[in-house]
Amino acid sequence: MNIFLTRNSRSLLGLLAMMMSCWAWAQQRTVTGTVTTTDGEELPGVSVLVSGTTSGTITDMDGNYTLSVEGDDARLIFSFIGFEQKEVAVGSRSVVDVTMTDDLVSLDEVVVVGYGAVKKSDLTGSVSSVKAEEIAAFPALSAVQTLQGRAAGVQIQSNNGGQPGADYSIKIRGGTSINASSDPIRVVDGFVGAEMPPPEDIASIEILKDASATAIYGSRGANGVILITTKRGKAGKTKINFNSSYTTQSVLNELDLLNGEEFGDYMRQLTPAYEGGGANTNWQEEIYQTGIIANNQLSITGGNENLRYYVSGTYFDQQGVVIGSGYNRYSVNSNMDIQANDFLKLGVSLYGRRSTSEGVTTQENSGGAGQAGVISSAFRFNPDLGIYHPDGTYTTSTIGDEIDNPYALATAYERERVTDRFQTNNYAEVEIADWLTFKSTLGLTYNNWRNGEYYPSSLIAGASQNGLAEMETMKQTSVLSENYFTINKTVGDHSLTWVNGYSYQHNQSERFNAGNRQFINDAAGYWGLGNGSDPLVPGSSITESVIKSYYSRANYSFLNRYILTMTARYDGASNFAAKNKWAFFPSAALAWDMKGESFLDPVDFISQWKWRVSYGVTGNQAIGPYQSLAELASIYHSNGDQLQNALKVDNLANDQLTWESTTQFDIGADIGIYDGRVNLTVDYYRMETQDLLVQRQLPSYVGVSSQWQNIGRLENKGVELSLNTRNFVGPFTWDTDFNISFNRNKILELPDHADEFYNSAPGHFLLSNTGILREGEAVGSFYGFIYDGIYQAGDEFLPGSGFEQEAGGERFQDISGPDGVPDGELTNDDRTIIGNPNPDFIWSMNNTFTYKGFDLNVFFQGSQGNEMLNYTLMELDILTGQNNATKAALDAWTPTNPNTDVPKVTGTRSKRVSTRWVYDASYIRLKNVALGYTFPKALLAKAKISSLRMYVSAQNLLTFTEYPGLDPEVGYRNSNNSRNGNLMVGLDYGSYPNVRAFTFGINLGL
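Residues numbered from 1 in each chain as written. Predicted model: local features only at pLDDT ≥ 70, side-chain atom pairs only at ≥ 80, totals over all residues. Heavy atoms only, no water.

### Here we look at the overall build of the protein
- Of regular secondary structure, the protein possesses 12 helices and 51 strands.
- Compactness check: the protein gives a C-alpha radius of gyration of 34 Å against a globular reference of 30 Å for 1006 residues, within 12% of the reference.
- Seen along its three principal axes, the alpha-carbon backbone of the protein occupies a region of about 145 × 65 × 60 Å.
- A total of 1006 residues make up the protein; the buried ones form 50% of that total.
- Residue pairs in contact within the protein that sit at least 24 positions apart in sequence constitute 69% of those at least 6 positions apart. (Helix = DSSP H or I, 4+ residues; strand = E, 2+ residues; numbered from the N terminus. Rg over C-alpha atoms; globule rule 2.2 N^0.38 Å. Buried < 20%, exposed > 50% of the residue type's maximum accessible area, 1.4 Å probe, protein only. Contact = heavy atoms within 4.5 Å.)

Structure, rendered in structure tokens:
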């Protein structure tokens, strides 16, 4: 009986267990799905959690997940960094697909700063960020070009118009020096001084502007810092992207010059017997052509949790709008990140390129006999001559200085520059504790270029020497080692991030040049140096420099509302005198997130309101090595029939030479309203540079022309405003980005409080003292006479040596004299400041519209209040018969045409810098218009294509300006003048023309 009951009990229990198991199985089921972005990209690594439980999973490399849930009431929570968290009810579904949307609250964006990154909400300094899509908005040789107008307080201009391969000058909050460089440093993935990769390889660019942000770079931070973060691999399936574009270019503008017949009439006013050459040549049309850019980039990215990679290759090929000019570049960029184990990360970045630049002569230092450049020759040369003489030789000018015709200069002159560059930056990061890491990086840059030039015997410069060939090579290396600890600790309401490190950088340059003359023929060009019989004196040099640094930065936050940043850097640079090599650069900043205070809780429409204030000191050591030491240079002396070499003093020692230092105060606010749909950033700053590095001119009896000294003070102050609005959201979106910057530059102190003069004119103008440095005035100010129109018959003529004293002549104002008061005579005392090349303000506005698959971008950029001294028009319209002229010559003063503002034609007028040649160069430019279409994912899936976008765009489509020159965005930089960076601004002469471009492109993802 007991046995029977026991057996039945076991059976009943087994039956009961089976029933309960079936019930449980009926309640629990499997749910699968795919997580994608709004662009349709599968999203790996997304956390999927069953609400109210600890049960969860993450999506695989294809964005797929599988999870068990109980009942129809289950809810799934999807979360991933950078995307809004989403909670979804499962219901009776077995497949739950989810689309994650970007977290648009910009307060939590991560911003890269020196030696780390911070949340935007924790930022205490003034930093502007530029996104990848803005950087790659149109085909460009360099990402610097695409930065123009994208960030408040940043002024960018090409050094030579639209020349293929031309570099760009960058000023952040104005020029901070007079003679030393004002260009900011560029840091690529932590490598100071590295070269930017192509725009398509860049993920973001941060521009550090105030001392709080830049002081971590100490001696190199005075001019601002540009931080470039390149694209890196992401965990997930391998992605292949191909970007291709084709661009045509044309010159923006041409000068309206006299044609052959008009030129003959003009010349006969000076020389009645002038016969001319009988031709009618438009030299601008002879040298201009349609420019073409082909830009192709292929990238591969992918990886898993332990290994991520990004590899890309780019080919950029440009045919310039001036015949004989071009540029092409092959480049490879690669990044690899390895999670070696739980505590060690490793990374390797490689970048290499070869570029070839074929150039024409522009912006010549002197355009005298045989020295004219292609552009200036196209303006100056006789339009009544053709390209060739009847015997097939090139024509040369028959008036003024003998110069080559522009077609000959563009086609016969040979110049090629080939550059090979390799850079690598490698890191190892060790997690010592969950709050302490150590990172060590080692970077190496190798840059090797070769430049070859040949003037054939068919050109003036080569004819007298039976060909002139020169070659120059340069090898540059840089090694950078960074080692730093980072403490990241949060205790309750307190959080601290503290960076402490050491940096060492060694730079070396080796140069060699050689040349020859008297060639039998022109066949070999500069590759046949041995074929000449009259070798030039060769030259060689080597320079080295070292910078060592110790740095520390602490970011402390309390309640996520009160934030303090303190930075210190101790730098030593070999450029300076033995007792002055080291300097200390500190900064401090405070931020208050006022939105976190209870008194703003009732104000719902304010989503962010943060105040920032900072003060700090940064330095500038941007002069060449050995400038504090006495230097000797070689000279040659003729002793009868023999040439003897000797040495002379070339530089005087200065054992007091030390750093420029710039102190900067900044106060700003970041304000957001309506959940981040309107964001405003405002900054006021004042910068004062002391101990200016000035190449001071010395009296001639010293025997040395100049010496580097620390003298003077300079001020920049201004206001910056950036406004971002999301005007429409939903199926149709409209975003606007607007920024405007006001900067005032002023010299506070000069040696002995005396004016300093310099010359900015081309050498063949034979002018002096065209620019002035004066206390209370801006750097780069123009210096000359005030033009007062034209003398008419019966006027009282002001006496003055070399000044016209007849009807139809130029008239100038008598404003001073030896005693500082007008004396009734025109002399050099009547010169004054007549123009300022620095703008009152610069601005830009970018509008982006999207609807379904379409996107439209319209980008305007402008400058207001800057003035330009136009040496080109001075040379043409002085009307002395030394070269061609503009159509203004047709309205020149004559006794029968007295009501004009153009003086008469005369062969005795002297060139003078005056207000006649200073123009308002303000402009508004439609910088870029782009229309694109992104094809639907469903349509592409059949062809196994993940994304496809096609677009057309136009650059420099419209320009609104009253500037009478070629273009208001030109510059003339005299390479013989080492002080050109800050002084040679707002000048127009012989520059390569700017271009208008039209582009068709495709972005393909597989």
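What follows continues from the structure just given.
### Some thoughts on the domain arrangement of the protein
- Split by domain assignment, the protein resolves into domain 1 (2–104), domain 2 (240–412), domain 3 (419–575) and domain 4 (757–835 + 867–920).
- The distance between the C-alpha centroids of domain 3 and domain 4 comes to 45 Å. (Domains from an automatic or database assignment.)

### Regarding the pairing of strand 13 (residues 185–188)
- Pairing analysis gives 4 bridges linking strand 13 to strand 16 (residues 225–230), with the strands arranged parallel. Following the sheet pairing, Val188 is matched in strand 16 by Ile228.
- In terms of strand pairing, strand 13 meets strand 14 (residues 191–192) through 2 bridges, oriented antiparallel. When the sheet's bridge partners are listed, Val188 is paired in strand 14 with Phe191.
- Between strand 13 and strand 14, which pair antiparallel one after the other, the connecting turn spans 2 residues, and Asp189 there sits at a positive phi close to 50°. (Pairing = 2+ DSSP bridges.)

### Re the packing of aromatic side chains
- Inspection of the entire model under this criterion finds 39 aromatic pairs.
- Here Phe263 and Tyr274 contribute two aromatic rings whose centre-to-centre distance is 6.1 Å and whose plane-to-plane angle is 80°, an arrangement assigned as edge-to-face. Here the residue Phe263 occupies a position in helix 5 (residues 260–268), and Tyr274 occupies one in the loop between helix 5 and helix 6 (283–287), the gap between them amounting to 11 residues. The burial state of Phe263 is the same as that of Tyr274; both residues are buried.
- Arranged with centres 6.5 Å apart and planes meeting at 25°, the rings of Phe732 and Phe849 form a pair that is stacked. One end of the pair, Phe732, is in strand 37 (residues 732–749); the other, Phe849, is in strand 44 (residues 841–851), with 117 residues separating them in the sequence.
- Exposure remark for Phe732: the relative accessible area of 34% places this residue in the partly exposed category.
- These aromatic residues form a ring-pair network of at least three members: Tyr115, Tyr217, Tyr484 and Tyr551.
- Cation over ring: Arg150 sits above Phe859, and NZ or CZ is 4.0 Å from the ring centre.
- A cation over a ring is seen here: Arg417 above Trp449, with NZ or CZ 3.8 Å from the ring centre. (Phe/Tyr/Trp six-rings, centres within 6.5 Å; stacked < 30°, edge-to-face > 60°. Lys NZ or Arg CZ within 6 Å of the ring centre and 35° of its normal.)

### Things to note about helix 5
- Burial in helix 5 covers these residues: Gly260, Glu262, Phe263, Gly264, Tyr266 and Met267.
- The opening residue of helix 5 is Asn259, an N-cap whose side-chain oxygen sits 3.2 Å from the backbone nitrogen of Glu261. (Polar contact = N/O pair within 3.5 Å; in protein donor to acceptor, adjacent residues only side chain to side chain.)

### Concerning the sheet that holds strand 43 (residues 832–835)
- An order of 38-39-40-43 is seen for the 4 strands of this open sheet, with the pairing classed as antiparallel. Among the strands making up the open sheet, the edge pair consists of strand 38 (756–758) and strand 43. Pairs of neighbouring strands in the sheet enclose a mean axial angle of 50°, with direction left out of account.
- Relative to strand 43, strand 40 (residues 781–784) runs antiparallel, the two being bridged by 3 bridges. When the sheet's bridge partners are listed, Gly784 is paired in strand 43 with Thr832. (Axes fitted to C-alpha atoms, helices over the stretch in contact; angles between N-to-C directions.)

### Digging into the sheet that holds strand 47 (residues 918–920)
- Taken in spatial order, the 3 strands of this open sheet run 47-46-50, and their pairing is mixed. Of all the strands in the sheet, just strand 47 and strand 50 (987–988) have a single pairing partner and so form its edges.
- In the sheet, strand 46 (residues 867–870) pairs with strand 50 via 2 bridges, with the strands oriented parallel. Residue pairing in the sheet places Asn870 in a bridge with Asp988 of strand 50.

### Some details on the UniProt feature "domain: TonB-dependent receptor plug" (unreviewed entry) in the protein
- This chain's UniProt record puts "domain: TonB-dependent receptor plug" (unreviewed entry) on residues 120–225.
- Its end C-alpha atoms 18 Å apart, residues 120–225 is made of 12% helix and 27% strand. (UniProt positions renumbered as here; feature names shortened; annotations may be inferred.)

### Here's the deal with the confidence of the model for the protein
- The predicted model of the protein averages 90 in pLDDT, with 96% of residues at 70 or higher.
- Taken together, the stretch residues 974–979 has pLDDT below 50 and engages in 18 contacts with residues farther than four places along the chain or on a different chain. (pLDDT = per-residue confidence, 0-100.)

### Remarks on the side chain of Thr424
- With respect to the element layout, Thr424 can be found in strand 22 (residues 414–433).
- Among the polar contacts made by the side chain of Thr424, one reaches the main-chain carbonyl oxygen of Ser349 at a distance of 3.0 Å.
- In terms of polar contacts, Thr424 uses its side chain to reach the side chain of Asn426, at 3.3 Å.
- Filtering out sequence-adjacent residues up to four positions away, Thr424 remains in contact with Phe191, Ser349, Leu350, Leu442, Gly443 and Leu444.

### Brief notes about the environment of Gly640
- As for its placement among the helices and strands, Gly640 is situated in the loop between strand 30 (631–639) and strand 31 (642–651).
- Note on Gly640: relative accessible area 59%, which makes it exposed.
- Sequence separation of Gly640 and Glu431 is 209 residues, and the distance between their C-alpha atoms is 75 Å.

### Some remarks on the pattern of salt bridges
- By the definition in use, this model includes 39 salt bridges.
- Lys887 serves as the salt-bridge partner of Glu262, at 2.6 Å between the closest nitrogen and oxygen. Note that Glu262 is positioned in helix 5 and Lys887 in the loop between helix 10 (871–877) and strand 47, a separation of 625 residues in sequence.
- The class for Glu262 is buried, based on a relative accessible area of 18%.
- Judged by relative accessible area, Lys887 falls into the partly exposed class, the value being 26%.
- Where Asp571 meets Arg569, a salt bridge forms, and the shortest distance between an N and an O atom there is 3.0 Å.
- A residue is classified by how much of its surface remains accessible, and Arg569, at 0% relative accessible area, is buried. (Salt bridge = Lys/Arg side-chain N within 4 Å of Asp/Glu carboxyl O.)

### Structural notes on the nonpolar core
- One finds Ile205 and Tyr217 to be the most contacted residues of the largest nonpolar core, which totals 39 residues.
- Discounting residues that sit within four places of it in the chain, Tyr217 has contacts with Gly114, Tyr115, Ile185, Val187, Val192, Leu208, Val225, Leu227, Arg569 and Asp571. (Core = buried A, V, L, I, M, F, W, Y, C linked by side-chain atoms within 4.5 Å.)

### Comments concerning the side chain of Ser204
- As for its placement among the helices and strands, Ser204 is situated in strand 15 (residues 202–208).
- Using a relative accessible area of 17% as the deciding quantity, one classes Ser204 as buried.
- Among the polar contacts listed, one links the side chain of Ser204 to the side chain of Glu206, at a separation of 3.5 Å.
- Not counting residues within four places of it along the chain, the set of residues in contact with Ser204 comprises Val130, Ile135, Leu227, Ile228 and Thr229.

### A short note on the environment of Ala89
- If you trace the backbone, Ala89 turns up in strand 6 (residues 86–89).
- Ala89 sits in the partly exposed class, given a relative accessible area of 38%.
- In this structure, the C-alpha to C-alpha distance between Ala89 and Gly161, residues 72 residues apart in sequence, is 59 Å.
- For Ala89, the contacting residues outside a window of four places in its chain are Ala74 and Arg75.

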